[in-house]
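# Working through the structure, step by step
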Amino acid sequence: MSAPTLVLGIETSCDETSAAVLRGERDLLGHVIFTQDVHQLYGGVVPELASRAHLRTVDDVVDGALREAGVRLEEIDLVGVTAGPGLIGALLVGLAWGKAAAWAAGKPVVGVHHMEGHLFATHLEHPGAEPPFVALLVSGGHTMLLWVPAWGEYHLLGATRDDAAGEAFDKAGKILGLGYPGGPAIQRAAEPGDPKRHPLPRPLFNRGERPGDAEYYDMSFSGLKNALRLLVRGLEAEGRLAEEVPHVAASFQAAVVDVLTEKTLRAVKQTGCRRVVLGGGVANSRALRDSLRERLGRGGELYAPSPRLSTDNAAMIARAALFRWGRGETGGLDLNARADLPFPGLVRQSGAVARG
């Protein structure tokens, strides 16, 4: 029997520079994540600064992952690197490094879709996170609801029509003066707050009567963000904002979680599959996980990645690359990055889907 494949994963799609060495499907030998903190000064990611930071750190990050794994680059069987979507300058740093390393070592290289990586992140830690399942991918750049009958076969049930859930949290954190990233900051601020103190809208919550309706699964968060801005402006005018921040944060968090939970449970009902897999940074939200567990009830299965694997990371990229390589997919020196890279195997679902 041949030894398990050694995969070097590289991730530079946004503001994390990460490298990982994965042996086989689940044996993570080395994993380094460098998170850029300069963006906290601006309340969001500045693309040019992100690209420059990746250039400065990618050598050290990859060296650190290889050293932690106790392997040399020449021993790697496969290089997997994020090819998109993401910030194009940031993507190009990792992709150029990965292609050069693969060429120098005479190894194959695979370009990975960032969001497919998030699907595999949970599987790295939870063997039960296997298809078929309903997947909710929630990050700073994407909010997608998928039906996954098999790896590589993805049915898009719904997505955000404007802001992603993670972006909405970041903007809300900035509006409330809580800092960046907004999701963890709002979660902390909301702990002593009353989520019913300031009723906020749940966009598209009651829209669509059946799965075939366009609004049945789709989400929207720009209107909620605007409602928050108006609420904060009013509280500031009254001189009450400081004392109301915990309640406003709790109300905003509850509104986002209610929408995400309702849409996900609609998918569970339609597919008949009570296994739900979370992915992306917002998957680390305790409020979201608690809400989904409660609604799924006894017999439901909820799988969420740990905080380390919910953020952008190279371990998930290595795992997705292994899957794609197993299907005979490799790239070459002509492999390129795309900020709008299409999700492989994704089809927009309308009407009924096969029940799991």
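Now for a look at the structure at hand. (Residues numbered from 1 in each chain as written. Predicted model: local features only at pLDDT ≥ 70, side-chain atom pairs only at ≥ 80, totals over all residues. Heavy atoms only, no water.)

The next thing to look at is the packing of aromatic side chains. With the rule as written, the count across this model stands at six aromatic pairs. Ring centres 5.1 Å apart and planes at 65 degrees place the aromatic pair Tyr154 and Phe343 in the edge-to-face group. You can see Tyr154 sitting in strand 8 (residues 153-159) and its partner Phe343 sitting in the loop between helix 10 (314-326) and strand 11 (346-348), a full 189 residues away along the chain. Given a relative accessible area of 0%, Tyr154 falls into the buried group. Owing to a relative accessible area of 8%, Phe343 belongs among the buried residues under this scheme. Between Tyr216 and Tyr217, the ring centres sit 4.9 Å apart and the planes meet at 80 degrees, which makes this aromatic pair edge-to-face. (Phe/Tyr/Trp six-rings, centres within 6.5 Å; stacked < 30°, edge-to-face > 60°. Helix = DSSP H or I, 4+ residues; strand = E, 2+ residues; numbered from the N terminus. Buried < 20%, exposed > 50% of the residue type's maximum accessible area, 1.4 Å probe, protein only.)

Looking now at the packing of helix 7 (residues 241-271) against helix 8 (residues 286-296). Packing of helix 7 against helix 8 brings their axes to within 9 Å, and their N-to-C directions diverge by 40 degrees. The pairing of helix 7 with helix 8 is recorded here as oblique in orientation. For the element pair helix 7 and helix 8, the recorded crossing hand is right-handed. Across the interface between the two elements, Gln253, Val257, Leu260, Thr261, Glu262, Thr264, Leu265 and Val268 from helix 7 touch Ala287, Leu288, Ser291, Leu292, Arg295 and Leu296 from helix 8. Counted by class, the contact of helix 7 with helix 8 contains eight nonpolar, four polar and two charged residues. (Axes fitted to C-alpha atoms, helices over the stretch in contact; angles between N-to-C directions. Parallel < 35°, antiparallel > 145°, perpendicular 65-115°, else oblique. Left-handed = near helix turned anticlockwise from the far one by under 90°. Contact = heavy atoms within 4.5 Å. Nonpolar A, V, L, I, M, F, W, Y, C, P; charged D, E, K, R; others polar.)

The subject of this paragraph is the pattern of salt bridges. Under the counting rule described, the total for this entry stands at 23 salt bridges. Between Arg72 and Glu75 there is a salt bridge, and its shortest N-O distance comes to 3.7 Å. With relative accessibility at 34%, the residue Glu75 sits in the partly exposed group. Linking Asp258 and Arg202 is a salt bridge whose minimum nitrogen-to-oxygen distance equals 2.8 Å. Residue Asp258 is located in helix 7, and its partner Arg202 is located in the loop between helix 5 (182-190) and helix 6 (222-238); the two are separated by 56 residues in the primary sequence. Residue Asp258 is classed as partly exposed on the basis of its relative accessible area of 30%. The exposure class assigned to Arg202 is partly exposed, which follows from its relative accessible area of 26%. (Salt bridge = Lys/Arg side-chain N within 4 Å of Asp/Glu carboxyl O.)

Take the sheet that holds strand 8 next. Pairing is mixed across the open sheet formed by six strands, whose spatial order is 10-9-6-7-8-11. Unpaired on one side and paired on the other, strand 10 (301-303) and strand 11 mark the two borders of the sheet. Strand-to-strand twist in this sheet, taken as the mean axis angle between neighbours without regard to direction, amounts to 25 degrees. Across three bridges, strand 9 (residues 275-279) lies against strand 10 in parallel orientation. What sits directly across from Val276, in strand 10, is Leu302. (Pairing = 2+ DSSP bridges.)

With mixed pairing, the five strands of this open sheet are ordered in space as 3-2-1-4-5. In this open sheet, the two strands that pair with only one neighbour each are strand 3 (27-35) and strand 5 (109-113). Strand-to-strand twist in this sheet, taken as the mean axis angle between neighbours without regard to direction, amounts to 20 degrees. Looking at chain direction, strand 4 (residues 78-84) and strand 5 are connected through five bridges and run parallel. Within the sheet, the bridge partner assigned to Gly84 lies in strand 5 and is His113. Against the sheet, helix 3 (residues 114-125) makes contact with strand 1 (6-11), strand 2 (16-23), strand 4 and strand 5, and its axis sits at roughly 90 degrees relative to strand 5, the strand it touches most.

Let us look at unusual backbone geometry. That bond from Pro131 to Pro132 is cis: its omega, 5 degrees, falls within 30 degrees of zero. Mapped onto the elements of the fold, Pro132 is located in the loop between helix 3 and strand 6 (133-138). In this chain, Tyr180 is followed by Pro181 through a cis amide linkage whose omega measures 0 degrees. Its location among the elements puts Pro181 in the loop between helix 4 (165-175) and helix 5.

What follows covers the pairing of strand 1. Burial analysis of strand 1 places six of its six residues in the buried class, the great majority of the element. Every second residue of strand 1 is oriented toward a common face, with Leu6, Leu8 and Ile10 on one face and Val7, Gly9 and Glu11 on the other, all of them buried. Two elements, strand 1 and strand 2, share six bridges in a ladder whose sense is antiparallel. If you follow Gly9 over to strand 2, its bridge partner there is Ala20. Count of turn residues in the strand 1/strand 2 antiparallel hairpin: four residues. Direction of pairing for strand 1 relative to strand 4: parallel, over a ladder of four bridges. By the bridge assignment, Ile10 is partnered in strand 4 with Val81.

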